[in-house]
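# Per-entry structural report
Listed below are the residues making up each chain.
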Amino acid sequence: MTLISFVVPAFLVQGYLRECLDSILDQPYADLEVIGVDDASPDDSGEILTEYAARDPRVRPVLLTENVGLGPARNTGLDRAVGEYVWFVDGDDWLVPGCLPHVADRLVDTRPDVLIVDHVRTHWNNVGTRSAMRDVFPEPPDEVTFRLRDRPETMRLLHTAWNRLVRRQFLVDHRVLRFAPGWYEDVSFSYPVLMAAERIGVLDRVCLNYRQRRTGAITRTRGDRHFEVFAQWHRVFRLMDEWGPAVAELRPAVFERMIWHYLTVLGNGERIAPELRPAFFAQIHADFNRFRPPGGYPVPGGVEGLKHRLVAAGRWRTFSALRGANLAGDAARRSVRQARRRVLPVARRAARGTRAAALREYYRAELHRPLDPTLAVYAAYWYRGYACNPAAVYAAARQLAPQVRGVWVVRRDRVGTLPPGVEYVVAGTPAYYRALARARWLVNNVNFPDFVRKRPGSVHVQTHHGTPVKVMGLDQQRYPVGAVGMDFAKLLRRVDRWDYSVTSNGFSTQMWERAYPAAYTTLEVGYPRNDRLALATPDEARKMRAELGIGPDDRVVLYAPTHREHLPGWRPPFDPDRLLDVLGPAGRLLMRSHYFHDRARRPGGPAAERLLDVSSHDRVEDLYLAADVLVTDYSSAMFDYAVLDRPIVVYAPDWEAYRVARGVYFDLLAEPPGAVAVDFPGLLDLFRSDAVRSTAAEQARQRFRARFCPLDDGHAAERVVRRVFLDEPA
């Protein structure tokens, strides 16, 4: 029999679900199954479950046709589980690597009805907060297993379903131990499970990361649904009434937990809106009188005890005043800390009297003028010129929304690269600050500078500039070697300006949700810059080759590696002379450095005339059209080039080191867009044997295209323009 059945409900967790599933399936323990329950999620959660099931028989997806909520979704998974134990893991949490063998050993050795494991709250800023395990059990329990009446302090551990494994037959035998519908469904499951269990075990090992999401969690959602916590606790006490004397001695401890929970919910300003707090408090007072044990209960000391007494007396105004005083004190302390941080030396204040400071003041003054309802400001790659997705959107807007005046921001040294007729402002000039302050639309493939304000009525469009292989945004916090110098708090302030995030495929949408959590709207429409590739004709490809001096019969390889920000100056081992020798007399090699490098690669040798350094070529799409084969490593170039359906080679000599130090979103060697080489001799062999064009490489490319390029049909820019500038429905 399978030892552990994981039940993973999924609703609006597409950005996190892959990490959750990987954390289970990659454990060094295989005697498990995963029941993934798609609760009619409107995002790609169901597709992710189906994808994982197709490649791992341990995953069994259940696709519900209508949304039933977290509790009933868990019941659905429970009914299909076959394991001896069931572990309910939410789709946005993830297991600690290597924890499962320890969990399995404890289950096999002690056979508990319930095994509680430790966890850590992992916040969006990568800060971890320990659980109450150490406070409740300063030393591991002496007993192998125990009953709740013997260790009632166990109830002070978090009452969630995901920090405990429950014996499945125990749940079958106690048919009332099911999840109720509604919010706070854990309450009416976890406490009754503990009360009914004959054998409770505790594993004081951190096994699960409880994700504290920046957006999307019910704990950060205001509304009247938080009143559903009362119905869940009422169910707990109804079960206690039914079970009678068997649980009577637990009633005081359960009552204390109920009041603690109510006050926790009430005290969270992100849950209960001010206008709802009096009614919420009134219900707490009613439940206090309704369920208070005749013999009393353990009242906490200090301020918490005062809160209990005010609840008992129904004194909302006094309770509210106490809360307000505490909040005011906290605010005052925060204000003092912030003021200390902002105090600058006199010398630094004096330094602000520069031209740049005067221009910033000009910008702030322009912010008080009305928005220009026709002005759209475009930028790409930190003002390097007319390029990428913003350029494609700009061109489409000129055709579809001619009433919109597009203005580009460029560096002074890049003005000469602009196409004829493109209006521009030079970065750092008064016109630049005026345009940023007054534009209704701001379109960029990176973030605008930190000083840029998000004005009411303005629309910020983040187009991005590639499908991610390497981890980005907040995910980089786990890979500090590749995140040196990053200020994640500032990053999130920039992300909070976004109104739209343009993505090229469902995979990008999922990763950006996790890497950049904010309230923007995702436009999953394909990449505008790839419209040209999707619609390109053979004549256009021949024209590009001719402009580069490439003959119609030449075999052209484009080598475009990405940079390693964690290894400045490092380059993959690559000898252009040797590759050209393998390609033969008709071989031509285009070499393109990453735009961060901005430097030429000058090879030597007799084959030098067949090599062209194209690092400074303005439009990479020209190079894609001219090339017969792309060789790259972890660059997003592979996703764009795949639109052309031409051979791609992944050359990744530092794959293992890169994935550990820099972090990646998927196993590029397991799911490549074509042939793979992990050293330079292997790369030469691929071309020497023509494995670049083999059936296996072709099949890999088709799978890759199906996953990452289904939206690149030549009309992505049009879809962006119609949604953003013309306000047409998605």
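Calculation criteria
- Residues numbered from 1 in each chain as written.
- Predicted model: local features only at pLDDT ≥ 70, side-chain atom pairs only at ≥ 80, totals over all residues.
- Heavy atoms only, no water.
- Helix = DSSP H or I, 4+ residues; strand = E, 2+ residues; numbered from the N terminus.
- Rg over C-alpha atoms; globule rule 2.2 N^0.38 Å.
- Contact = heavy atoms within 4.5 Å.
- Areas by Shrake-Rupley, 256 points an atom, 1.4 Å probe, with all protein chains shown as cover.
- Lys, Arg positive; Asp, Glu negative; His and termini not counted.
- Charge placed at Lys NZ, Arg CZ, Asp CG, Glu CD.
- Buried < 20%, exposed > 50% of the residue type's maximum accessible area, 1.4 Å probe, protein only.
- Pairing = 2+ DSSP bridges.
- Core = buried A, V, L, I, M, F, W, Y, C linked by side-chain atoms within 4.5 Å.
- Axes fitted to C-alpha atoms, helices over the stretch in contact; angles between N-to-C directions.
- Parallel < 35°, antiparallel > 145°, perpendicular 65-115°, else oblique.
- Left-handed = near helix turned anticlockwise from the far one by under 90°.
- Nonpolar A, V, L, I, M, F, W, Y, C, P; charged D, E, K, R; others polar.
- Salt bridge = Lys/Arg side-chain N within 4 Å of Asp/Glu carboxyl O.
- Expected span 1.5 Å × (residues − 1).
- Arc of directions from axis to C-beta.
- pLDDT = per-residue confidence, 0-100.
- Phe/Tyr/Trp six-rings, centres within 6.5 Å; stacked < 30°, edge-to-face > 60°.

With that settled, consider the overall build of the protein chain. Along the protein chain, the regular secondary structure elements total 28 helices and 22 strands. Against the 2.2 N^0.38 benchmark of 27 Å for 730 residues, the protein chain shows a C-alpha radius of gyration of 30 Å, consistent with a compact globule. Projecting the C-alpha coordinates of the protein chain onto the three principal axes gives extents of approximately 95 × 65 × 50 Å. Residue pairs in contact within the protein chain that sit at least 24 positions apart in sequence constitute 74% of those at least 6 positions apart. Total accessible area on the protein chain is roughly 31400 Å²; 52% of this is exposed by carbon and sulfur atoms. Taken together, the 101 basic and 89 acidic charged side chains of the protein chain have centroids lying 8 Å from each other.

Attention now goes to unusual backbone geometry. One non-glycine residue, Arg111, lies in positive phi territory at about 50°. Secondary-structure assignment places Arg111 in the loop between α4 (100–110) and β6 (114–123). Positioned with a positive phi, His464 is a non-glycine residue whose angle comes to about 60°. In this fold, His464 is placed in the loop between β14 (459–462) and α18 (488–495). You can call His464 buried: its relative accessible area is 6%.

Let us look at the pairing of strand β21 (residues 648–651). A two-sided burial pattern is seen for β21, the buried positions comprising Ile648 and Val650 on one face and Val649 and Tyr651 on the other. Relative to β21, strand β20 (residues 629–632) is paired through three bridges, and the arrangement is parallel. By the bridge assignment for β21, Leu630 is matched with Ile648. As defined by bridge partners, β21 adjoins strand β22 (residues 675–677) across three bridges and the pair is classed as parallel. Within β22, the residue paired with Val649 across the bridge is Ala675.

Among the nonpolar cores identified, the biggest contains 62 residues, and Met195, Trp233, Val254 and Ile284 are the most heavily contacted of them. It is helix α10 (residues 251–267) that contributes the most residues to this core, eight residues altogether. Beyond its immediate stretch of four places on either side in the chain, Met195 contacts Leu148, Val236, Met240, Trp243, Val247, Leu250 and Val254. Counting 51 residues, the second-largest nonpolar core is a separate cluster that includes Tyr516, Met544, Val650 and Phe708.

With that settled, consider the packing of helix α15 (residues 355–366) against helix α17 (residues 430–438). The interhelical angle for the contact between α15 and α17, taken along N-to-C directions, is 30°, at an axis separation of 8 Å. Taken together, α15 and α17 sit at an angle that is classed as roughly parallel. Note that α15 runs across α17; the crossing there is right-handed. Between α15, through Arg355, Leu359, Arg360, Tyr362, Tyr363 and Glu366, and α17, the contact on the second element is made entirely by Pro430, Tyr433, Arg434, Leu436, Ala437 and Arg438. For the contact of α15 with α17, the per-class residue count stands at seven nonpolar, no polar and five charged.

Strand order in the open sheet formed by six strands is β19-β18-β17-β20-β21-β22, and the pairing between neighbours is parallel. For this open sheet the edge positions go to β19 (611–613) and β22, each flanked by a neighbour on one side alone. In this sheet, adjacent strand axes meet at a mean angle of 20° when their direction is disregarded. The pairing of strand β18 (residues 587–591) with β19 spans three bridges and is parallel. Looking at the pairing, Met591 lines up with Asp613 of β19. Relative to β18, helix α22 (residues 576–583) is tilted by about 150°, and along the sheet it contacts β17 (555–559), β18 and β19.

For the structure shown, the criterion picks out 53 salt bridges. In this structure, Asp92 and Arg213 form a salt bridge, with 3.2 Å as the shortest nitrogen-oxygen distance. Of the two residues, Asp92 sits in the loop between β4 (85–88) and β5 (94–95) while Arg213 sits in the loop between β9 (200–212) and α8 (228–243), which places them 121 residues apart along the sequence. Comparing Asp92 with Arg213, the two get one shared label, buried. We note a salt bridge from Arg564 to Asp633, for which the minimum N-O separation is 2.6 Å. Placement of Arg564 in the loop between β17 and α22 and of Asp633 in the loop between β20 and α24 (637–641) is noted, with a sequence separation of 69 residues between them. As far as the burial class goes, Arg564 and Asp633 line up, both buried. If you follow the salt bridges from partner to partner, you end up with Arg18, Glu51, Arg55, Glu671 and Arg707 in one network.

For an α-helix, the turn length of 3.6 residues means that residues three or four places apart are oriented alike. For helix α11 (residues 277–291), built from 15 residues, the straight-helix expectation of 21 Å at 1.5 Å per residue is met to within 8% by its first-to-last C-alpha distance of 21 Å. Those residues of α11 that fall on the buried side of the exposure criterion are Arg277, Phe280, Phe281, Ile284, Asp287, Phe288 and Phe291. All buried residues of α11 lie within an arc of 120° about the axis, which places them on one face of the element.

So, on to helix α27 (residues 695–708). Along its 14 residues, α27 runs 20 Å from first to last C-alpha, staying within 8% of the 20 Å computed at 1.5 Å per residue. Every buried residue of α27 is accounted for by Ala697, Ala700, Arg701, Phe704, Arg707 and Phe708. Taken end-on, α27 shows its buried residues confined to a sector of 125°, consistent with a single buried face. Relative to its buried face, α27 has exposed residues pointing more than 90 degrees away, namely Thr695, Arg703 and Ala706. Those residues of α27 that are buried are in contact with α1 (17–25), α2 (45–55), α19 (506–515), α24 and β22.

Detailed reading of the predicted coordinates is not advisable wherever pLDDT is low. Taken as a whole, the protein chain shows an average pLDDT of 92; of its residues, 94% reach a score of 70 or greater. Across residues 595–601, confidence stays below pLDDT 50; counting only partners more than four residues off in sequence or on other chains, it has 18 contacts.

What follows is about the sheet that holds strand β13 (residues 439–444). The strands that make up a sheet are held in pairs by hydrogen bonds between backbone atoms, and each pair lies either parallel or antiparallel. Strand order in this open sheet of seven strands is β12-β11-β10-β13-β14-β15-β16, and the pairing throughout is parallel. For this open sheet the edge positions go to β12 (424–426) and β16 (521–524), each flanked by a neighbour on one side alone. Direction aside, neighbouring strands of the sheet carry axes that sit 25° apart on average. Here three bridges tie strand β11 (residues 405–410) to β12, and the two strands are oriented parallel to one another. Its bridge partner being in β12, Trp408 is matched across the sheet by Tyr424. Sheet strands in contact with helix α16 (residues 388–400) are β10 (372–379), β11 and β13, and its direction is about 145° off that of β10. Strands in contact with α17 are β10, β11, β12 and β13; relative to β13, the strand with the most contacts, it is inclined by about 105°.

The next point concerns the pairing of β9. For β9, a buried count of ten out of 13 residues is recorded, marking the element as mostly surrounded by other parts of the structure. The pairing of β5 with β9 spans two bridges and is classified as antiparallel. Within β9, the residue paired with Leu95 across the bridge is Leu208.

Right, let's get into the packing of aromatic side chains. Under the definition given, this model contains 46 aromatic pairs. Measuring from ring centre to ring centre gives 5.2 Å for Phe255 and Phe288, while their planes differ by 70°; the resulting arrangement is edge-to-face. Linking Phe255 in helix α10 with Phe288 in helix α11, this pair joins segments that are 33 residues apart in sequence. Here the two residues Phe255 and Phe288 agree in accessibility, since each one is buried. When the centroid spacing of 6.1 Å and the interplanar angle of 25° are considered together, the rings of Trp316 and Phe319 count as stacked. Of this pair, Trp316 and Phe319 both sit in helix α13 (residues 316–342), three residues apart, roughly one helical turn.

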